[in-house]
Amino acid sequence: MFAQQIINGLTLGSIYALFALGYTMVYGVLLMINFAHSEIFMVGAYIGFFILALLPGILPPIIPLYFLIIFGFALLFTGVLAVAVEKMAYRPLRHAPRLAPLISAIGVSIFLQNLVMLAVGAESKPYPETFGVAQFEFSGLHVNSHQILIFTLSIVLMVALQLFITRTRMGKAMRAVAQNHIVSQLMGINTNTVIAVTFFIGGGLGGVAGVLNGLYYGSIKYNMGFLPGIKAFTAAVLGGIGNIKGAMVGGFALGILEALSAGYISSEYKDVIAFVVLILVLVFRPTGIFGEEVAEKI
Amino acid sequence: MKLPRPIILYGTLLLIAIVGPLLLHLTGGYYAVHVIGLIGIYTLLCLGLNITIGYTGLLDLGFMAFYAIGAYTGALLSIAGLSFWLILPITIMVGGVARLLLGAPVLRLRGDYLAIVTLAFGEITRLVLNNNDTISNGPKGLPRVGEKIQSISLFGFELRDDIHIYFLILAFVLVGILVSYRLEHSRLGRALVAIREDELAAELAGINVARTKAVAFTISGIFGAVAGTIMAHWIGFISPESFTFMESILLVSMIVIGGMGNIAGVILGVLLLVGAPELLRKFLGAQFVDYRMLLFGAVMILAIIFRPQGILPSKRRALELKSENPK
């Protein structure tokens, strides 16, 4: 029972972690809560849905190739969408009062949800079972191929992101912008480019998380992004918002916590427990698990 | 823009608020009266939220929780047989105490962290109402089959139609405006603004920051709870669905788009955001009615890009925005 819940929690946690990265990265560079990120996740799920439905008619079923195309497209498209949203809705408000970008993010969220609803309908759609699910059993523990896929792909993407942030020039620029916009500009960094790249990566990872979510739960809907969005955001805060490693750890922690409370306490109250934990963490350790203590400027 | 005789302006507006819905009611525009009533309820909510967001600068993303607490308290007591006028003070107590209990541990959190805690509290409230069967009857809401939320009666006259309730709501809104106005120009109000501007400086100037914040937080919670009770009595049915995160967010949007910290701005924001989808519904015609929320989202983005300070910003805030260099 316990080990089984851990397995479920790790799967769930992988999705939350990928999703949370977008929130935390954007918060890192712009100090804003990007409420439209949950719609990026939803759009990603729909892109995966259409490609999965179309692919078998075009290509012979070579599974690795399928994976590459689906996740590649989802990442690319949602990344570009996130950049477009940033450019149109957030960039004009870079120097506006702090609540202004929050409102325009809500506007974007309402807009995208309704766009998808009008385009594909308000009813939930079953995710195409192009791959089929293989069940494995190890000494009484059930694992299916989707769970393995979700976990592996998330880990690969997270390691790649970590390498990108720590080893490349762009990654370094990103960390610099997160610390101080003006000084980074003085050092010759084009902050607009860095912010666009941040949105691209965060959005792309969110889109992949959306596809994984669709595969795991088997159905999608135009408003599916909302609850996972709040939870991914919770995960980001749990780890310390603005901190990339924190978002990953926070995602897994929240996934496992949710699976355990669903298994041992009550599946109805699993979300309540997640939020109670969030409040407790913030009251007793406001900077999250990995958050750095930032000295208040006076 | 300086108005020579504000009394005339406000008097005219009040007259419109009284006569307009009455004419609509008499000419059969019942749906319009219903929507105007809703605008009144949202005005009450936003006036309350404005005390935390606009005056004190505390971002609250879970305000609907207190609306829900007020609505459920009102509904439960009404089902138990109490009259509205007895329920009202009880709701005020319950709403205020609940708000204070939440506020005490979390008010020392800063900025976005406070926002997240209020968000979480809002969601917890909704989820508990949704999952609890014995008290709140889960997703089916209140009242249960065979029970009834009584309508409000005033001196033996039963307020049954929307227009009756509308005048009750209008009275509460006027009280809300008066309270907000007096608060803004009181010692407490100035202390709140001082905290918004610079918490440390306010503390050094001798303001008890924790207590002042708690008072503001409690007053705004009471606004929410009162609005909830009126709503429950008016509609006669409540369910957790009405108290979602999206609703809390819309309240914040109304305040920001209208103009934070300015009573007239807040009311304008409510009019625009509650009224706009209804007007769009009317003018788009049957075939485009589905596009109204799409347009609504786009309008929200454009409104905030062109007027990031809100349509009618408070004078004090407008001055700050001009003199302060960005970031």
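In this text, all values refer to a predicted model and were calculated from it rather than measured experimentally.

## Some remarks on the overall build of chain A
Here is step 1: Looking only at helices and strands, one finds 11 helices and 4 strands in chain A.
Here is step 2: Relative to the globule expectation of 19 Å for 298 residues, the C-alpha radius of gyration of chain A, 19 Å, shows essentially globular dimensions.
Here is step 3: Along the longest, intermediate and shortest principal axes, the C-alpha atoms of chain A span 60 × 45 × 40 Å.
Here is step 4: In chain A, which comprises 298 residues, the share counted as buried stands at 50%.

## Observations regarding the environment of Leu10 of chain A
Residue and element names in this part refer to chain A.
Here is step 1: Examined against the element boundaries, Leu10 turns out to sit in helix H1 (residues 2-30).
Here is step 2: According to the C-beta neighbour criterion, Leu10 is buried, with 20 such atoms within 10 Å.
Here is step 3: Each C-alpha atom, one on Leu10 and one on Ser104, is 34 Å from the other, the two residues being 94 residues apart in sequence.

## A look at the pairing of strand S2 (residues 135-138) of chain A
Residues and elements named next belong to chain A.
Here is step 1: Relative to strand S3 (residues 141-144), S2 is paired through 4 bridges, and the arrangement is antiparallel. When the sheet's bridge partners are listed, Glu137 is paired in S3 with His142.
Here is step 2: From the end of S2 to the start of S3, which pair antiparallel, there are 2 residues, and Ser139 there has a positive phi angle of about 35°.

## Regarding unusual backbone geometry
Here is step 1: Despite not being glycine, Leu31 of chain A has its phi angle at roughly 55°, a positive value.
Here is step 2: You can see Leu31 of chain A is positioned in the loop between H1 and helix H2 (37-58).
Here is step 3: Using a count of 16 C-beta atoms within 10 Å as the deciding quantity, one classes Leu31 of chain A as partly exposed.
Here is step 4: A positive phi angle, close to 60°, is found at Asn137 of chain B, a residue other than glycine.
Here is step 5: One can find Asn137 of chain B in the loop between helix H5 (111-131) and strand S1 (153-154).

## Here we look at the nonpolar core
Here is step 1: If you look at the biggest cluster of nonpolar residues, it comprises 189 residues, and the most contacted ones within it are Ala17, Ala20 and Val208 of chain A together with Leu45, Cys46 and Ile255 of chain B.
Here is step 2: Setting aside chain neighbours within four positions, we find Ala20 of chain A in contact with Ala232, Phe233, Ala235, Ala236, Ala247, Gly250 and Gly251 of chain A.

## Observations regarding the confidence of the model for chain B
All names here are of chain B.
Here is step 1: In this model, chain B carries a mean pLDDT of 85, and residues with pLDDT of at least 70 account for 95%.
Here is step 2: Every residue in residues 323-327 scores below 50 in pLDDT, and together they form 2 contacts with partners more than four places removed in sequence or on other chains.
Here is step 3: The ipTM assigned to the predicted complex is 0.85, against a pTM of 0.84.

## Considering the interface of chain B and chain A
Here is step 1: Across the contact, 37 residues belong to chain B and 33 residues belong to chain A.
Here is step 2: Of all the secondary structure elements, the ones that give two or more residues to the side of chain B that touches chain A are helix H4 (84-106), H5, helix H10 (245-258) and helix H12 (292-306) of chain B.
Here is step 3: In terms of residue count, H5 of chain B provides more of the side of chain B that touches chain A than any other element does, 11 residues in total.
Here is step 4: The class makeup of the residues in the side of chain B that touches chain A is 29 nonpolar, 4 polar and 4 charged.

## Things to note about helix H8 (residues 191-217) of chain A
Here is step 1: Compared with the 39 Å implied by 1.5 Å per residue over 27 residues, the 38 Å span of H8 of chain A between its first and last C-alpha is a close match.
Here is step 2: Most of H8 of chain A sits inside the fold, with 20 of its 27 residues counted as buried.

## Some thoughts on helix H11 (residues 270-284) of chain A
Here is step 1: Between the first and last C-alpha of H11 of chain A there are 21 Å, a value that for 15 residues agrees with the 21 Å anticipated at 1.5 Å per step.
Here is step 2: Buried within H11 of chain A we find Asp271, Val272, Ala274, Phe275, Leu278, Ile279, Val281 and Leu282 of chain A.

## Some thoughts on the environment of Tyr42 of chain B
Residues and elements named next belong to chain B.
Here is step 1: Residue position: Tyr42 is located in helix H2 (residues 30-55).
Here is step 2: The spacing of Tyr42 and Asp198 is 156 residues in sequence and 30 Å in space, taken between C-alpha atoms.
Here is step 3: Ignoring any residue separated from it by four or fewer positions in sequence, one finds Tyr42 in contact with Met254, Val270 and Val274.

## Details of the packing of H2 of chain A against helix H3 (residues 63-90) of chain A
Any two packed helices are characterised by the angle at which their axes cross and by the distance between the axes.
All names here are of chain A.
Here is step 1: Taken N-terminus to C-terminus, the directions of H2 and H3 make an angle of 145°; their axes are 9 Å apart at the nearest point. Considering the relative orientation of H2 and H3, their crossing is right-handed. Between H2 and H3, the residues in contact are Ile40, Val43, Gly44, Ile47, Gly48, Ile51, Leu52 and Leu55 and Tyr66, Ile69, Ile70, Phe73, Ala74, Phe77, Thr78, Leu81 and Ala82, respectively.
Here is step 2: Considered class by class, the residues forming the contact of H2 with H3 number 14 nonpolar, 3 polar and no charged.

Definitions and limits used
- Residues numbered from 1 in each chain as written.
- Chains lettered and ligands numbered in written order.
- Predicted model: local features only at pLDDT ≥ 70, side-chain atom pairs only at ≥ 80, totals over all residues.
- Helix = DSSP H or I, 4+ residues; strand = E, 2+ residues; numbered from the N terminus.
- Rg over C-alpha atoms; globule rule 2.2 N^0.38 Å.
- Buried ≥ 20, exposed ≤ 12 C-beta atoms within 10 Å, placed from the backbone.
- Pairing = 2+ DSSP bridges.
- Core = buried A, V, L, I, M, F, W, Y, C linked by C-beta atoms within 7 Å.
- Contact = placed C-beta atoms within 7 Å.
- pLDDT = per-residue confidence, 0-100.
- Nonpolar A, V, L, I, M, F, W, Y, C, P; charged D, E, K, R; others polar.
- Expected span 1.5 Å × (residues − 1).
- Axes fitted to C-alpha atoms, helices over the stretch in contact; angles between N-to-C directions.
- Left-handed = near helix turned anticlockwise from the far one by under 90°.

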